[in-house]
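The primary structure of each chain is shown beneath.
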Amino acid sequence: MCNNDPDRPARDAGYRPQRRSFAREGVGSVHGGIHSASSQAGRRESHERSDNQGKGRFITLEGGEGVGKSTNLALVVDHLRARGHEVVATREPGGTPRAEAIRRLLLDPDGEEPLDPDAELLLVFAARAQHLARVVRPALARGAWVVCDRFTDATYAYQGGGRGIEAARIAELEAFVQQGLEPDLTLLLDMPMAAAQQRLDGRLQDQGGARDRFERERDAFFEAVRRAYLVRAEAAPDRMVVIDAGAGLAAVQAELLARLNERLVAWS
Ligand SMILES: Nc1ncnc2c1ncn2[C@@H]1O[C@H](COP(=O)(O)OP(=O)(O)O)[C@@H](O)[C@H]1O
Ligand SMILES: Cc1cn([C@H]2C[C@H](O)[C@@H](COP(=O)(O)OP(=O)(O)O)O2)c(=O)[nH]c1=O
């Protein structure tokens, strides 16, 4: 297929959710053909989302660094595909070539020019606007399921909890960019920070690579991120499910699938 649009997501080339693959390839790694759609069309479609009985759903995975989001995203995707759904696996920040370029700006260690927290917040939402317009809204509009590694709860956790930006300011940008669109289900993987940091170290040893700008933050930052996630979950118990991510992988995956299946039954 000829793709002359540099920001049109590439067709799925057998993507399995694996760390860093988006950034390396510089393309949105998505499943199924993505139909291009203008952001205006996408915004109109978003108002239909809450009534999409029998159609695609928007599922996000959240949690701090190293809690197992990427690992479990693969499980969720496989589970949904086995039930015959078209599934788009994607991530934030990123998911399209331009949004991945913004991701690189966000993750590159500061060097000589620290990134201002307000600029960081705006970049996160700029990437999100692009991702929603090019990938998420078109996929949902055609009935595909979208499974996304991080979304706006991460903004409340990192830019809100971690950087100390007021939730009300984040909410303004959320309303502007999302126009009422929010995940149908958010699986929050929660575990103590120290153990998650050990997993992160293990992954960096296995796969190589250096800590990114967020991964270099101090412990207090990650504690604040975790607290902010849990506050979000408490405030939205219907949407957010907290999974104990500190258990062994088999136990985490069993709990995650049990909670996902409850929703699948409720939605059917
Ligand atoms: N329940 C678990 N128990 C032990 N190790 C795990 C578990 N879940 C994931 N891991 C390992 O921890 C590391 C971080 O997992 P990953 O899925 O990359 O986390 P995240 O995407 O949240 O940063 C990986 O090396 C992964 O294999
Ligand atoms: C989506 C999003 C991510 N982030 C940060 C959190 C992560 O540190 C980083 C994305 O990196 P990622 O590779 O997804 O994190 P992990 O190492 O846990 O797999 O971007 C924000 O600060 N705000 C946001 O809104």
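Residues numbered from 1 in each chain as written. Chains lettered and ligands numbered in written order. Predicted model: local features only at pLDDT ≥ 70, side-chain atom pairs only at ≥ 80, totals over all residues. Heavy atoms only, no water.

### Focus on the packing of aromatic side chains
Quick reminder of the rule: Only the six-membered ring of Trp is used, alongside the rings of Phe and Tyr, when aromatic pairs are assigned; centres must lie within 6.5 Å, and planes under 30 degrees apart are stacked while those over 60 apart are edge-to-face, with the rest tilted. As a reminder, the over-ring test applies to NZ of lysine and CZ of arginine, requiring each to be within 6 Å of the ring centre and within 35 degrees of the ring normal.
The final tally for this structure, using the stated rule, is six aromatic pairs. Grouping aromatic residues by their ring pairs yields a cluster made of Tyr158, Phe214, Phe221, Phe222 and Tyr229. The residue whose ring lies beneath Arg128 is Phe151, and the NZ or CZ to ring-centre distance is 5.1 Å.

### Here we look at the pattern of salt bridges
For the record, the criterion: Salt bridges are counted wherever a side-chain nitrogen of Lys or Arg sits within 4 Å of a carboxyl oxygen of Asp or Glu. Numbering of helices and strands runs from the N terminus, with a helix taken as a DSSP run of H or I at least four residues long and a strand as a DSSP run of E at least two residues long.
For the structure on display, the rule yields 16 salt bridges. Across the salt bridge formed by Glu86 and Arg142, the nearest N and O atoms sit 2.6 Å from each other. Of the two residues, Glu86 is situated in the loop between α3 (69–82) and β2 (87–91) and Arg142 in the loop between α5 (117–141) and β3 (145–149); the sequence distance between them amounts to 56 residues. With its nearest N and O atoms 2.7 Å apart, the salt bridge here joins Asp190 to Arg226.

### Looking at the sheet that holds strand β5 (residues 240–244)
Note the threshold: A pair of strands is treated as paired once DSSP finds two or more bridges between them. Angular values range over 0 to 180 degrees, each being the angle between N-to-C directions of two axes fitted as lines to C-alpha atoms, with helices fitted over their stretch in contact. Whether two residues are in contact is decided by their heavy atoms: any pair within 4.5 Å suffices.
Within the open sheet, the five strands sit side by side as β2-β3-β1-β4-β5. Their pairing is parallel. Each of the sheet's edge strands pairs with one partner strand only, and the pair in question is β2 and β5. Taken over all neighbouring pairs, the strand axes of this sheet differ in orientation by 20° on average, direction set aside. As paired elements, strand β1 (residues 58–62) and β3 share four bridges and run parallel to each other. The partner of Ile59 across the bridge, within β3, is Val147. Sitting on the sheet, α3 is in contact with β1, β2, β3 and β4 (185–190), with an inclination near 170° to β3.

### As for the site of ligand 1
Heads up, the condition is: Residue proximity to a molecule or strand is established when one non-hydrogen atom of the residue lies within 4 Å of it. Within 3.5 Å is the distance limit for a polar contact, defined as a pair of N or O atoms, with the added protein rule that one can donate a hydrogen and the other accept it, and that residues adjacent in sequence qualify only through two side-chain atoms. Areas reported as accessible are Shrake-Rupley estimates using a 1.4 Å probe. Residue values count occlusion only from the protein chains shown. Nonpolar residues are Ala, Val, Leu, Ile, Met, Phe, Trp, Tyr, Cys and Pro. Charged residues are Asp, Glu, Lys and Arg, and all others, Gly as well, are polar.
Neighbouring residues of ligand 1: 14 residues in total, closest Gly66, Lys69, Ser70, Thr71 and Arg203. Gly66 is positioned with one of its backbone polar atoms (N or O) 2.9 Å from an oxygen atom of ligand 1. Between ligand 1 and the protein, one listed contact pairs an oxygen atom with a side-chain N or O atom of Thr71 at 2.5 Å. About the coverage of ligand 1: the protein hides 78% of its 570 Å² of free accessible area. Counting residues per element, the ones that place at least two in the shell around ligand 1 are α3, α8 (193–207) and α10 (249–267). At three residues, α3 tops the list of elements feeding residues into the shell around ligand 1. The residue makeup of the shell around ligand 1, split by class, is four nonpolar, six polar and four charged.

### Notes on the UniProt feature "binding site: ATP" (unreviewed entry) in the protein chain
Operational definition: UniProt positions are given in the numbering used here, feature names are shortened, and annotations may be inferred rather than shown by experiment.
Annotation from UniProt places "binding site: ATP" (unreviewed entry) at Gly63, Gly64, Glu65, Gly66, Val67, Gly68, Lys69 and Ser70. Position of Glu65 relative to the elements: it lies in the loop between β1 and α3. What Glu65 contacts, discounting residues up to four positions off in sequence, is Arg150, Tyr158, Ala196, Leu200, Phe214, Glu215 and Phe222. Not counting residues up to four positions away in its chain, the partners in contact with Gly66 are Ala196, Arg199 and Leu200.

### What to know about the nonpolar core
Rules: For our purposes a nonpolar core is just a set of buried Ala, Val, Leu, Ile, Met, Phe, Trp, Tyr and Cys residues, chained together by side-chain atoms within 4.5 Å. Exposure classes here rest on a 1.4 Å probe applied to the protein chains alone. A residue is buried below 20% of its type maximum, exposed above 50%, and partly exposed in between.
In terms of nonpolar packing, the biggest core is built from 25 residues, with Ile59, Leu80, Val147, Leu187 and Leu189 touching the most fellow members. Of all the elements in the fold, those that place two or more residues in this core are β1, α3, β2, β3, β4, β5 and α10. If near-sequence neighbours (up to four positions away) are discounted, Val147 is found in contact with Ile59, Leu61, Leu73, Val76, Val77, Leu80, Val87, Val88, Ala89 and Thr90. Among the nonpolar cores identified, the runner-up in size contains 19 residues, and Leu121, Val135, Ala144 and Cys148 belong to it.

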